[in-house]
Amino acid sequence: MASWSLVSYRQGGGIAVGLLELDGTVRALPRFAGRALTALLDDWDTAATELRHLDPAVLPVVPDAQLTVPIRYPRKIVCAGANYFAHLAEMGIQRPDPVGEPYFFLKPPTTTVVGPGDAIVLPDRAGRRIDWEAELGVVIGRNARNLDIAHVPDYIAGYVVLNDVSARDRLGRADAVAPPFGFDWASAKSEDTFCPMGPGVTPAWFVRDPQDLRIRLSVNGVLKQDSSTADMMNSVSAVVAAASRVMTLEPGDVIGTGSPAGVGAPRGEFLQPGDEVVVEIDGLGSLRNPVVDARDVQSSPRIAALGRIA
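Keep in mind the model is a prediction, meaning the values are calculated, not measured.

Procedures and definitions
Residues numbered from 1 in each chain as written. Predicted model: local features only at pLDDT ≥ 70, side-chain atom pairs only at ≥ 80, totals over all residues. Heavy atoms only, no water. Helix = DSSP H or I, 4+ residues; strand = E, 2+ residues; numbered from the N terminus. Polar contact = N/O pair within 3.5 Å; in protein donor to acceptor, adjacent residues only side chain to side chain. Contact = heavy atoms within 4.5 Å. Core = buried A, V, L, I, M, F, W, Y, C linked by side-chain atoms within 4.5 Å. Buried < 20%, exposed > 50% of the residue type's maximum accessible area, 1.4 Å probe, protein only. Disulfide = S-S within 2.5 Å. Pairing = 2+ DSSP bridges. Axes fitted to C-alpha atoms, helices over the stretch in contact; angles between N-to-C directions. Salt bridge = Lys/Arg side-chain N within 4 Å of Asp/Glu carboxyl O.

Here we take up the side chain of lysine 224. Locating lysine 224 in the fold gives a position in strand S15 (residues 222–228). Among the polar contacts made by the side chain of lysine 224, one reaches the side chain of glutamate 269 at a distance of 2.9 Å. For lysine 224, the residues in contact, after removing those within four places along its chain, are Trp132, Leu217, Ser218, Val219, Ala261, Gly262, Arg267 and Glu269.

What follows deals with the nonpolar core. Soluble globular proteins tend to bury their nonpolar side chains together. Formed by 43 residues in total, the largest nonpolar core has its most connected members in Leu136, Val138, Tyr159, Leu249, Leu271 and Val277. At the level of secondary structure, the elements contributing two or more residues to this core comprise strand S5 (77–81), strand S8 (120–122), strand S10 (134–140), strand S11 (156–163), strand S14 (214–219), helix H6 (236–246), strand S17 (276–281) and strand S18 (285–293). For valine 138, the contacting residues outside a window of four places in its chain are Ile156, Gly158, Tyr159, Val236, Val240, Asp253, Val254, Ile255 and Thr257. Core analysis: the next-biggest nonpolar cluster, separate from the first, contains 30 residues, Leu29, Leu51, Val69 and Ile77 among them.

Moving on, we get to the state of the cysteines. Using the criterion set out here, one finds zero disulfides in the structure. Of all cysteine sulfurs, the one in cysteine 195 lies closest to cysteine 79, which takes part in no disulfide; the gap is 5.9 Å.

Turning next to the sheet that holds S14. Taken in spatial order, the five strands make up an open sheet running S8-S18-S17-S14-S15, and their pairing is mixed. In this open sheet, the two strands that pair with only one neighbour each are S8 and S15. Each adjacent strand pair in this sheet contributes to an overall mean axis angle of 15 degrees, direction not counted. Note: S14 against S15, six bridges, orientation antiparallel. For serine 218, the partnering residue across the bridge sits in S15 and is leucine 223.

The amide bond that connects arginine 72 to the next residue, tyrosine 73, takes the cis arrangement and shows omega of -5 degrees. In this structure, tyrosine 73 sits in the loop between strand S4 (66–68) and S5. A cis amide bond, omega 5 degrees, links aspartate 97 with the succeeding residue proline 98. Tracing the backbone shows proline 98 in the loop between helix H3 (85–90) and strand S6 (103–107). Phi at alanine 82 takes a positive value of approximately 50 degrees, unusual for a residue other than glycine. Tracing the chain through its elements places alanine 82 in the loop between S5 and H3. Within the chain, threonine 193 stands out as a residue other than glycine whose phi angle is a positive 70 degrees.

Turning our eyes to something else, we now look at the pattern of salt bridges. Following the criterion strictly, the structure yields 26 salt bridges and no others. Where arginine 245 meets glutamate 101, a salt bridge forms, and the shortest distance between an N and an O atom there is 2.8 Å. In this pair, arginine 245 is assigned in helix H6 and glutamate 101 in the loop between H3 and S6, connecting sequence segments 144 residues apart. Relative accessible area serves as the criterion here: at 38%, arginine 245 is assigned to the partly exposed category. Between aspartate 175 and arginine 173 there is a salt bridge, with the nearest N and O atoms lying 2.7 Å from each other. When its relative accessible area of 56% is taken as the criterion, aspartate 175 is described as exposed. A residue is classified by how much of its surface remains accessible, and arginine 173, at 37% relative accessible area, is partly exposed. Bridged by salt links that share partners, the residues Lys107, Asp131, Glu133, Asp164, Arg168 and Lys189 form one connected network.

Quick look at the pairing of S5 now. Extensive coverage of S5 is indicated by the burial of five of its five residues. The alternating pattern of S5 places Ile77, Cys79 and Gly81 on one face and Val78 and Ala80 on the opposite face, and all of these are buried. Pairing between S5 and S6: five bridges, direction antiparallel. Directly across from valine 78, in S6, lies its bridge partner leucine 106. Summarising the sheet, S5 and strand S16 (residues 254–256) pair through three bridges and their orientation is parallel. Residue pairing in the sheet places valine 78 in a bridge with isoleucine 255 of S16.

Okay, here's the thing in structure tokens:
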């Protein structure tokens, strides 16, 4: 069981890297002062050697720390779609036999990623159907290409909670030039604030078995998703290995491993202004985000786009 995760928090006019304990205590990491978490991931082998021997009790507590996006920003966010058996079933899809290679799509990092407490901003358009998708995110710690499944754990720096927010109304294109172009994954997955992530990156050595983690999502306190990563069609290692056959994975990249059953689309339930979404994964912490309407965000265009509201 994890005892802490690496977080980023606001400090004065900048961002510092800290350590988040399970009880919510944030501690400073003076040894890494002036360095962003992305820099630690760029030299993960060295950083990991130091971090493994940390004694959190001797680190200074940061009172009233305001957490922000842990990785600002991943070079890539690569997401595997349709990777849980029960999720396929709720979408009316028969259980595949055999299971094929993972299906991937991308999210633009600098505009979709928001952190703990940041708002999911609902786009200002009629007929929007914005859904939730709790996911286990894998954080890459080394350059990787054409990995063998057995070697994948050596390239994983840690794990993070994420929410693959999806615009179901944008997935199908009625105006497609031809049937093969009828699915618009970019439009469905890439809107601003559609990738909440956090609270921190839990080092891989704390996660005994990534295929045995309970994953839950609630909206306004009502449990919507409650599953285990054991239900994945392709394991974490299989997903990362497959992604590395498509592209070079780099330190700080985040790989989404799919979402379990309990999304809103099959029940016709979608996010509304005033909702609060909470995603929890055992040992990795809890990610909490309010939901607002784009028309109601009173801030600068940049802040509004990224969901950081006063």
